[in-house]
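Residue-level listing of the chains:
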Amino acid sequence: MFPNGVLHEIVEDDQEGIASILKWISFVPKTIGGLPASRYSADPVDRPVVWRPTPTPYDRRLMLSGTSNMPGFFDKGSWKEYLEGWGKSVVIRRGRLGGVPMGAIAVETRLVDKVIPADPADPNSREAVLSQAGQVLFPDSSYKTAQALCDFNKEGLPVMIFANWRGFSGGSRDMAGEILKFGSMIVDALRKYENPVYIYLPPHGELRGGSWVVVDPTINEEKMEMYADPDSRGGILEPAGITEIKFRLPDQLKAMHRLDAQLKLLDSKLEMAELEEDKAAIQAQIAAREDALKPVYLQVATEFADLHDKTGRMKAKSVICESVPCESSREYFTGVSSVASPKMMWLANSVRPTRL
């Protein structure tokens with residue numbers, strides 16, 4: 001039951017089970033619609049987030065909880081993960097930010113394995129192990145994300161979505177696995193969400209394709225806001241895809257002949273040439289020059305397209321609220337959450353111990 005999402009957590013004995021239940025209840029308000037279960041945190045709100053994601057695949061849990069000498073985003077020791085054995089390409093956790101309880105959804109960047117057990121009723125069946133790429137939404141991880149959002153909403157928790165998806169898995173197996181239905185459930189959950197939703201693109205993170213569609217702030221403009229680290233990227237298509245569509249080979253050749261001085265000279269010589277042998281020689285020189293310039297122009301076009309995916313352009317197009325560096329994200333989102341829900345910050349301050 002743990003690998004298919006029926007169980008939230010596996011414990012060794014009754015004592016550990018009761019402790020886990022009490023840990024979960026500590027995040028939930030006393031009454032429905034009541035004040036959040038905030039408490040004083042010894043972890044300073046204004047400390048920097050030292051642990052920083054890398055361009056290579058990494059353990060996404062470290063970005064949120066940190067290590068012993070490199071603290072992460074949330075309060076130290078406040079983390080609790082659920083549904084760990086199911087939909088491993090997405091991480092669902094509850095934690096505290098400045099003492100205020102929050103839900104968190106993070107994305108696995110590494111390759112994970114999904115184990116499908118053999119059918120005991122079929123002697124010919126065998127256990128299957130399917131590899132799932134990181135930064136991709138699969139049917140199980142999409143359903144897991146939607147279910148977590150529904151749970152967080154019922155518990156009255158604000159949620160942080162550390163978005164780092166390159167899109168949905170669109171293979172025939174995933175289409176048969178109802179990937180479209182589970183993806184739409186994420187939209188439904190966000191549309192009905194009654195608490196603040198903060199979407200943050202972490203350093204070296206990407207938000208592409210259909211994954212942008214299902215977490216776009218226009219789904220619930222009153223509750224959802226999107227932010228991004230300066231080193232993150234966002235856009236429906238990746239730069240290589242944009243150049244393949246918008247800057248095809250004929251367009252590249254036109255740009256070469258318009259900008260390159262050597263090609264301009266060869267074009268003028270070709271117009272003045274009268275003998276077929278001279279024209280053939282000049283055309284060969286033009287073709288050789290074009291082949292030499294193709295990689296350069298393609299690289300320049302790709303870099304130009306990449307500029308449109310940076311935070312400056314996203315901010316100019318009003319698709320994100322602000323560019324937030326990872327180092328100061330903890331302090332920034334504490335301030336943002338206090339503005340979005342003043343009663344949260346009031347309670348968090350009211351339970352701080354007074355100094356004599």
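Shown above is the structure to which this text applies.
Below, the structure is looked at part by part. Quick caveat: nothing in here was measured; it's all calculated off a predicted structure. (Residues numbered from 1 in each chain as written. Predicted model: local features only at pLDDT ≥ 70, side-chain atom pairs only at ≥ 80, totals over all residues. Heavy atoms only, no water.)

## A word on the overall build of the protein
1) Next: Of regular secondary structure, the protein possesses 13 helices and 11 strands.
2) Next: Taken against the 2.2 N^0.38 rule, which gives 21 Å for 356 residues, the C-alpha radius of gyration of the protein at 26 Å runs more than 25% over that of a compact globule.
3) Next: Reported as C-alpha extents along the three principal axes, the dimensions of the protein are approximately 95 × 70 × 40 Å.
4) Next: A total of 356 residues make up the protein; the buried ones form 45% of that total.
5) Next: Across the protein, contacts joining residues at least 24 apart in sequence account for 74% of those joining residues at least 6 apart.
6) Next: Within the structure as shown, the protein displays about 18,800 Å² of accessible surface, and the carbon and sulfur contribution to it stands at 57%.
7) Next: Charge centroids of the protein, computed over 43 positive and 48 negative side chains, lie 5 Å from each other. (Helix = DSSP H or I, 4+ residues; strand = E, 2+ residues; numbered from the N terminus. Rg over C-alpha atoms; globule rule 2.2 N^0.38 Å. Buried < 20%, exposed > 50% of the residue type's maximum accessible area, 1.4 Å probe, protein only. Contact = heavy atoms within 4.5 Å. Areas by Shrake-Rupley, 256 points an atom, 1.4 Å probe, with all protein chains shown as cover. Lys, Arg positive; Asp, Glu negative; His and termini not counted. Charge placed at Lys NZ, Arg CZ, Asp CG, Glu CD.)

## Focus: the sheet that holds strand β3 (residues 100–107)
Strand pairing in a sheet relies on backbone hydrogen bonds. The paired strands run either parallel or antiparallel.
1) Next: Here we have 7 strands laid out as an open sheet, ordered β1-β2-β3-β6-β7-β9-β11, and mixed in their pairing. Unpaired on one side and paired on the other, β1 (80–82) and β11 (322–323) mark the two borders of the sheet.
2) Next: Pairing between strand β6 (residues 159–162) and strand β7 (residues 197–201): 4 bridges, direction parallel. Paired with isoleucine 161 across the bridge in β7 is isoleucine 199.
3) Next: Where helix α3 (residues 139–154) meets the sheet, its contacts fall on β1, β2 (90–97), β3 and β6, and the angle it forms with β2 comes to roughly 25 degrees. (Pairing = 2+ DSSP bridges. Axes fitted to C-alpha atoms, helices over the stretch in contact; angles between N-to-C directions.)

## Overview of a negative patch on the surface
1) Next: Residues Glu12, Asp13, Asp14 and Glu16 make up a contiguous surface patch of negative charge.
2) Next: Judged by its relative accessible area of 34%, glutamate 16 is partly exposed. (Patch = residues over 30% accessible without salt bridge, like charges linked within 9 Å, V, L, I, M, F, W, Y side chains within 5 Å. Salt bridge = Lys/Arg side-chain N within 4 Å of Asp/Glu carboxyl O.)

## Remarks on the packing of aromatic side chains
1) Next: Under the defined criterion, the tally for this structure stands at 15 aromatic pairs.
2) Next: Seen in terms of ring centroids, phenylalanine 73 and phenylalanine 333 are 6.1 Å apart; in terms of plane orientation they differ by 65 degrees. Their pairing is edge-to-face. Taken together, the residues phenylalanine 73 in the loop between α2 (60–65) and β1 and phenylalanine 333 in helix α12 (residues 329–340) connect sequence positions 260 residues apart. The burial state of phenylalanine 73 is the same as that of phenylalanine 333; both residues are buried. (Phe/Tyr/Trp six-rings, centres within 6.5 Å; stacked < 30°, edge-to-face > 60°.)

## Quick look at the environment of leucine 149
1) Next: Counting through the fold element by element, leucine 149 comes out in helix α3.
2) Next: On the basis of relative accessibility, which here comes to 1%, the residue leucine 149 falls in the buried class.
3) Next: With sequence-adjacent residues up to four places away left out, leucine 149 is seen in contact with Ile105, Val159, Ile161, Ile186, Ala189, Leu190 and Tyr193.

## Digging into the packing of helix α8 (residues 249–259) against helix α10 (residues 276–307)
1) Next: Running from N to C, α8 and α10 point in directions that differ by 105 degrees, and their axes come no closer than 10 Å. As judged from the angle between their axes, α8 and α10 are roughly perpendicular. Here α8 contributes Leu249, Gln252, Leu253, Ala255, Met256, His257 and Leu259 to the contact with α10, which in turn contributes Ile286, Glu290, Leu293, Lys294, Tyr297 and Leu298.
2) Next: Within the contact of α8 with α10, the residues separate by chemical class into 9 nonpolar, 2 polar and 2 charged. (Parallel < 35°, antiparallel > 145°, perpendicular 65-115°, else oblique. Nonpolar A, V, L, I, M, F, W, Y, C, P; charged D, E, K, R; others polar.)

## What to know about the pattern of salt bridges
Any two side chains of opposite charge can pair, given that their charged atoms come close.
1) Next: Applying the stated criterion across every chain yields a total of 24 salt bridges.
2) Next: The residue arginine 47 makes a salt bridge to aspartate 43 at a minimum N-O spacing of 2.7 Å. An identical accessibility class is assigned to arginine 47 and aspartate 43; each is buried.
3) Next: Across the pair lysine 181 and glutamate 178 runs a salt bridge whose closest N-O atoms are separated by 2.6 Å.
4) Next: Given a relative accessible area of 38%, glutamate 178 falls into the partly exposed group.
5) Next: Linked by salt bridges that have partners in common, Asp59, Arg60, Arg61, Glu81, Glu84, Arg93, Glu108 and Arg110 make up one network.

## Re the packing of helix α7 (residues 239–246) against α10
1) Next: Two elements in contact, α7 and α10, have axes whose closest approach is 8 Å; the angle formed by their N-to-C orientations is 120 degrees. As α7 runs across α10, the sense of the crossing is right-handed. Between α7, through Pro239, Ala240, Ile242 and Thr243, and α10, the contact on the second element is made entirely by Leu298, Ala301, Thr302, Ala305 and Asp306.
2) Next: Partitioning the contact of α7 with α10 into residue classes produces 6 nonpolar, 2 polar and 1 charged. (Left-handed = near helix turned anticlockwise from the far one by under 90°.)

## Section: the side chain of lysine 144
1) Next: Here lysine 144 is to be found in helix α3.
2) Next: An unpaired buried charge is present at lysine 144: no salt bridge exists, and glutamate 81, the closest side chain of opposite charge, is 5.4 Å distant.
3) Next: Among the polar contacts listed, one links the side chain of lysine 144 to the backbone oxygen of leucine 83, at a separation of 2.8 Å.
4) Next: Contacts of lysine 144, omitting those with residues within four sequence positions, involve Tyr82, Leu83, Trp86, Gly87, Val90 and Ile92. (Polar contact = N/O pair within 3.5 Å; in protein donor to acceptor, adjacent residues only side chain to side chain.)

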